[in-house]
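Per-entry structural report
So you can see what is in the structure, the chains are spelled out below.
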Number of protein chains: 2
Amino acid sequence: MAPESNNNRYQQQRQQAIRSAAAVFAEKGFHGASTKDIAERMGIKQGSLYYYFKSKEEALGEVCHYGIEVYVDRMQSIADSDQPFESKLMATVTSHLTSYRERNEALKVHNDERLYLPEDKRATLKKLGSNYRQQLEHIFEEGVASGVLRESLDCHFAAQAVIGMCNGWGDIIQLDIYDIIQKCTDLLLNGFRERRKETRQ
Amino acid sequence: MAPESNNNRYQQQRQQAIRSAAAVFAEKGFHGASTKDIAERMGIKQGSLYYYFKSKEEALGEVCHYGIEVYVDRMQSIADSDQPFESKLMATVTSHLTSYRERNEALKVHNDERLYLPEDKRATLKKLGSNYRQQLEHIFEEGVASGVLRESLDCHFAAQAVIGMCNGWGDIIQLDIYDIIQKCTDLLLNGFRERRKETRQ
DNA sequence: TGGAAATTCTATTGATCTATAGAATATTTT
DNA sequence: AAAATATTCTATAGATCAATAGAATTTCCA
């Protein structure tokens, strides 16, 4: 049965269970992973896992949430902060890529397996995700307003493109992340074309 | 047992089986889908499916191949063609996005489920994919050589970024694809920044 | 230290799934 | 139409898996 009250050890072990589940789900997928796999990875027996989750599905939900929360929190700080557009853009790219590195397994699970969650849980995650996208979109709107970005920019498209580009680095663990951050930001601002002499119009 | 020789009906039915498998794998994932699901979708019984595939894994391999082949063929034409860089870039983006729309299910399966294939089959697909990436990289190198793109461009990064961005449009079926093509190409060439007066240096 | 609460284990149930074998039906060919 | 071939079906073996119940063990606290 579940523990009595605020229980430190329980919470720590549960956290460990979530990380184990993240690793196994990331490697084998939700349906390909067995509760035995997860339990073994944290050094307990299959049945014991149900002390921490009432179902395999609940474990998936926790993993997905664990993955995305770090994105969301950091984006909140960036959006609230008082920096010029270029800094916010670079901060977003940095946050996205470092989050993806730090919680690689959980975020992979969030991106690839969340559709196997029941409707209500999926809706909660979706809300977090579209909040994230909207905040990024708003940063682009500020960029347009401040004159850094072109008037004609489709900010919805821009936000989507950034997210897609940042998610596209599969084995990001292996890469020089600061190099990618720099190049992504440069691409977004200036594109790849040969630069002309800069003259204010 | 397998059919005798060049058998038209067999090949047609097998193609139908591949498309059914693509749909079911795309919806439920490889491990979440059952051979019963696939068989039912094509209107036969579970056991009968094994007339067309010797295993569920073989079906996955066929689906993945069916998905990616269209990319690869089109990229070959573009790379072989004799167009200026801008046209090749736009043709690539167009090809990538329309392929993703036309074979949405199979390509989703290729991207998300191919890692569950046995090593040798996975290696074959990987070769196709990195061929694709290299050809795109080469297009960027031509762009630099022709003076359209900056000398300093990291063409490997550029190719990866394009692919990531193009794959990021999940429910592409719903979208105005020509709008996205136009905006992607514009982003890649010019970025989002407010344009300065153009003056040749 | 002794008793209560928390954690893990063992054993099992019922369900589902892949793959195979051989029978039954349909199609093509002679 | 009869024979041969191709396609589908039925039935089942063997394996795995999620989830539960209750016993055993460990940890915590008075």
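Residues numbered from 1 in each chain as written. Chains lettered and ligands numbered in written order. Predicted model: local features only at pLDDT ≥ 70, side-chain atom pairs only at ≥ 80, totals over all residues. Heavy atoms only, no water.

1. A closer look at the side chain of B:Thr185
All names here are of chain B. Counting through the fold element by element, threonine 185 comes out in helix H8 (residues 177–190). Residue classification places threonine 185 among the buried positions, given a relative accessible area of 5%. Aside from chain neighbours lying at most four places away, what touches threonine 185 is Leu89, Met90 and Val93. (Helix = DSSP H or I, 4+ residues; strand = E, 2+ residues; numbered from the N terminus. Buried < 20%, exposed > 50% of the residue type's maximum accessible area, 1.4 Å probe, protein only. Contact = heavy atoms within 4.5 Å.)

2. Observations concerning the state of the cysteines
All names here are of chain A. Tallied over the entire structure, the rule returns 0 disulfides over all chains. You can see cysteine 64 has no disulfide; the closest cysteine sulfur is in cysteine 166, sitting 20 Å from it. Assessed through its relative accessible area of 0%, cysteine 64 is described here as buried. We note that cysteine 184 lacks a disulfide partner, and the nearest cysteine sulfur, in cysteine 166, lies 5.4 Å from it. (Disulfide = S-S within 2.5 Å.)

3. Some thoughts on the packing of aromatic side chains
By the definition in use, this model includes 16 aromatic pairs over all chains. Residues A:Tyr51 and A:Tyr52 carry aromatic rings whose centres are separated by 5.2 Å and whose planes lie at 75° to one another, so their mutual orientation is edge-to-face. What makes A:Tyr52 buried here is its relative accessible area of 12%. On the basis of an interplanar angle of 15° and a centroid distance of 5.6 Å, the ring pair of A:Phe157 and B:Trp169 is categorised as stacked. Here the residue A:Phe157 occupies a position in helix H7 (residues 155–167), and B:Trp169 occupies one in the loop between helix H7 (155–167) and H8, the pair thus bridging two chains. Positioned over the ring face of A:Tyr66 is A:Arg103, at 4.1 Å from the centre of the ring. (Phe/Tyr/Trp six-rings, centres within 6.5 Å; stacked < 30°, edge-to-face > 60°. Lys NZ or Arg CZ within 6 Å of the ring centre and 35° of its normal.)

4. Examining H8(B)
A rise of 1.5 Å per residue sets the reference length of H8(B), with its 14 residues, at 20 Å; its end C-alpha atoms lie 20 Å apart and thus fit the reference within 8%. With 10 of 14 residues buried, H8(B) is to be regarded as a mostly interior element. Residues of H8(B) that are buried in the fold lie against H7 and helix H8 (177–190) of chain A together with helix H4 (85–102) and H7 of chain B. Sitting at the head of H8(B), B:Asp176 places a side-chain oxygen 3.2 Å from the backbone nitrogen of B:Tyr178. (Expected span 1.5 Å × (residues − 1). Polar contact = N/O pair within 3.5 Å; in protein donor to acceptor, adjacent residues only side chain to side chain.)

5. A look at the pattern of salt bridges
Pairing between side chains becomes possible if they bear opposite charge and their charged atoms approach one another. Residue and element names in this part refer to chain A. Across all of its chains, the model carries 28 salt bridges over all chains by this definition. Here glutamate 69 makes a salt bridge to arginine 103, at a shortest N to O gap of 3.1 Å. Here glutamate 69, found in helix H3 (residues 56–80), pairs with arginine 103, found in the loop between helix H4 (85–102) and helix H5 (104–113); they are 34 residues apart in sequence, far enough to count as distant. Residues participating in the shared-partner salt-bridge network are Arg14, Lys54, Glu58 and Glu62. (Salt bridge = Lys/Arg side-chain N within 4 Å of Asp/Glu carboxyl O.)

6. Observations regarding the relation of the copies chain A and chain B
Under the fitted operation, chain A is carried onto chain B by 0.0 Å of movement along the axis and a turn of 180°, and the coordinates agree to an RMSD of 0.1 Å. Read as a symmetry element, the transformation amounts to a two-fold axis. When C-alpha positions in chain A are compared against the rotation axis, the closest is assigned to A:Gly191, at 1.9 Å. Most of the interface of chain A is mirrored in chain B: 100% of its interface residues are interface residues there too. (Least-squares fit on C-alpha atoms with pLDDT ≥ 70 in both.)

7. A short note on the interface of chain A and chain B
On the side of chain B, 45 residues touch chain A, which itself brings 45 residues to the contact. Among the residues of chain A in contact with chain B, A:Arg150, A:Phe192 and A:Arg193 are the three that bury the most area, contributing 21% of the side total. Here chain A is connected to chain B by 6 salt bridges. The residue A:Arg150 makes a salt bridge to B:Asp186 at a minimum N-O spacing of 2.6 Å. Run the count over chain A and chain B and you get 24 residue pairs in polar contact (both at pLDDT 80 or more). Sorting the residues of the side of chain A that touches chain B by element identifies helix H1 (8–28), H5, H7 and H8 of chain A as the ones contributing at least two each. (Buried area = accessible area lost by both parts, 1.4 Å probe.)

Nothing here speaks to function; it is all geometry.
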